[in-house]
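# A closer look at the structure
Read off the chains here:
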Amino acid sequence: PYSVTSPTVAGYTPDIATVMGTMPAHDVDVTVTYTANTDTAYKVEHYTQNLDLASFSLQDTDNLTGTTNTLATASLNSYTGFSAPGVAPSEIIAGDGSTVIRVEYTRNSYTITFDSAGGSYVAPITELYEAPVAPPVSPTREGYTFNGWDTMIPATMPAYDQTITAMWQINNYELEITYIMGDGGAAPVPYSGGYDFGEPYSVTSPTVAGYTPDIA
């Protein structure tokens with residue numbers, strides 16, 4: 001009798017695991033056919049780009065199976081602030097289960113636009129997602145005091161573009177009018193009044209019997 005175990009081939013299964021029999025009085029030819037396994041393990045690893053733009057961090061691992069020596073294509077994930085590759089990467093599934101498909105997601109940039117609402121120009125800020133955001137110099141506006149932004153400037157860049165608008169407090173100024181008598185006589189009490197910037201004013205000079213004001 002004879003018994004020959006078929007060789008192990010990673011990722012394949014022979015149709016005859018062991019060739020067995022009793023040797024007759026002639027040569028014997030036996031063909032063993034190997035079929036690709038349909039449950040060969042492989043991995044898909046998903047990496048997001050770090051802020052240095054040179055390195056990546058592993059986020060998720062998909063442990064999958066497929067048919068040996070066939071092309072496997074990664075399913076793409078979605079990560080806030082990152083863009084998936086335009087074409088999903090593919091690899092041939094190695095029979096020994098060593099195949100790893102690496103998917104890299106690039107970090108997006110976003111822009112904060114500043115509407116100064118009549119004030120001085122404030123340049124927009126464009127940064128990578130999660131990068132620190134340096135607050136801009138506050139704008140200025142004639143006759144107004146800057147009263148902050150309508151939305152808090154984020155400490156790090158969010159995953160969206162946004163417009164932030166300046167808020168202003170109108171300034172109030174004092175109008176003072178001094179009355180002087182040309183001959184040194186007793187003058188009317190000075191006038192004092194508060195007016196907002198841009199607000200028109202009209203103050204009639206007091207009537208003093210026997211005198212005419214230079215500004216009526």
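Everything here concerns the structure above.
This write-up is about the structure you can find in this document. All values derive from a computational prediction rather than experimental measurement.

## Quick notes on the overall build of the protein chain
- Looking only at helices and strands, one finds zero helices and 16 strands in the protein chain.
- Relative to the 2.2 N^0.38 estimate, which gives 17 Å for 216 residues, the radius of gyration of the protein chain is 42 Å and therefore markedly larger than a compact globule would have.
- Taken along the three principal axes of its C-alpha coordinates, the protein chain extends 155 × 20 × 15 Å.
- When each of the 216 residues of the protein chain is scored for burial, the buried share is 25%.
- A sequence separation of at least 24 residues applies to 46% of the contacts in the protein chain between residues at least 6 apart.
- For the protein chain, the distance from the average site of its 4 positive side-chain charges to the average site of its 23 negative ones is 7 Å.

## Observations regarding the sheet that holds strand β14 (residues 162–170)
- If you walk across this open sheet you meet the four strands as β12-β11-β14-β13, and the pairing is mixed. What marks the edges here is a single partner per strand, and that holds for β12 (125–128) and β13 (144–149). The sheet shows a mean angle of 25 degrees between the axes of neighbouring strands, direction not considered.

## Section: a nonpolar patch on the surface
- Residues Met23, Val28 and Val30 make up a contiguous nonpolar surface patch of about 250 Å² in total accessible area.
- Assessed through its relative accessible area of 33%, Val28 is described here as partly exposed.

## A short note on the packing of aromatic side chains
- According to the stated counting rule, one finds seven aromatic pairs in the structure shown.
- Taking the centre distance of 5.0 Å and the plane angle of 55 degrees together, the rings of Phe114 and Trp149 count as tilted. Within this pair, whereas Phe114 is found in strand β11 (residues 109–115), its partner Trp149 is found in strand β13, the two being separated by 35 residues in sequence.
- The class for Phe114 is buried, based on a relative accessible area of 8%.
- Ring centres 5.5 Å apart and planes at 70 degrees place the aromatic pair Phe146 and Trp168 in the edge-to-face group. Of the two residues, Phe146 is situated in strand β13 and Trp168 in strand β14; the sequence distance between them amounts to 22 residues.
- Arg102 extends its terminal NZ or CZ atom over the ring of Tyr47, reaching a point 3.8 Å from the ring centre.
- Between Arg141 and the ring centre of Tyr144, over which it is positioned, the NZ or CZ distance is 3.8 Å.

## Considerations on the nonpolar core
- Core analysis: the largest hydrophobic core is formed by 23 residues, its most contacted members being Phe114 and Trp149.
- Of all the elements in the fold, those that place two or more residues in this core are β5 (40–49), β10 (100–107), β11 and β14.
- Setting aside residues no more than four positions away along its own chain, Trp149 makes contact with Phe114, Asp115, Val122, Pro136, Pro139, Ile164, Thr165, Ala166 and Met167.

## Things to note about the environment of Ile16
- In this fold, Ile16 is placed in the loop between β2 (12–14) and β3 (18–21).
- Ile16 sits 18 residues away from Tyr34 along the chain, and the two C-alpha atoms are 8.6 Å apart.
- Aside from chain neighbours lying at most four places away, what touches Ile16 is Ser6, Val30, Thr31 and Val32.

## Describing the side chain of Gln49
- Residue placement: Gln49 occurs in strand β5.
- Within polar-contact distance, the side chain of Gln49 engages the backbone oxygen of Leu53 at 3.2 Å.
- Those residues in contact with Gln49 that sit more than four places away from it in its chain are Ser55, Phe56, Phe82, Tyr105, Thr106 and Arg107.

Procedures and definitions
Residues numbered from 1 in each chain as written. Predicted model: local features only at pLDDT ≥ 70, side-chain atom pairs only at ≥ 80, totals over all residues. Heavy atoms only, no water. Helix = DSSP H or I, 4+ residues; strand = E, 2+ residues; numbered from the N terminus. Rg over C-alpha atoms; globule rule 2.2 N^0.38 Å. Buried < 20%, exposed > 50% of the residue type's maximum accessible area, 1.4 Å probe, protein only. Contact = heavy atoms within 4.5 Å. Lys, Arg positive; Asp, Glu negative; His and termini not counted. Charge placed at Lys NZ, Arg CZ, Asp CG, Glu CD. Pairing = 2+ DSSP bridges. Axes fitted to C-alpha atoms, helices over the stretch in contact; angles between N-to-C directions. Patch = residues over 30% accessible without salt bridge, like charges linked within 9 Å, V, L, I, M, F, W, Y side chains within 5 Å. Areas by Shrake-Rupley, 256 points an atom, 1.4 Å probe, with all protein chains shown as cover. Salt bridge = Lys/Arg side-chain N within 4 Å of Asp/Glu carboxyl O. Phe/Tyr/Trp six-rings, centres within 6.5 Å; stacked < 30°, edge-to-face > 60°. Lys NZ or Arg CZ within 6 Å of the ring centre and 35° of its normal. Core = buried A, V, L, I, M, F, W, Y, C linked by side-chain atoms within 4.5 Å. Polar contact = N/O pair within 3.5 Å; in protein donor to acceptor, adjacent residues only side chain to side chain.

Read these as layout, nothing more, since geometry by itself doesn't imply function.
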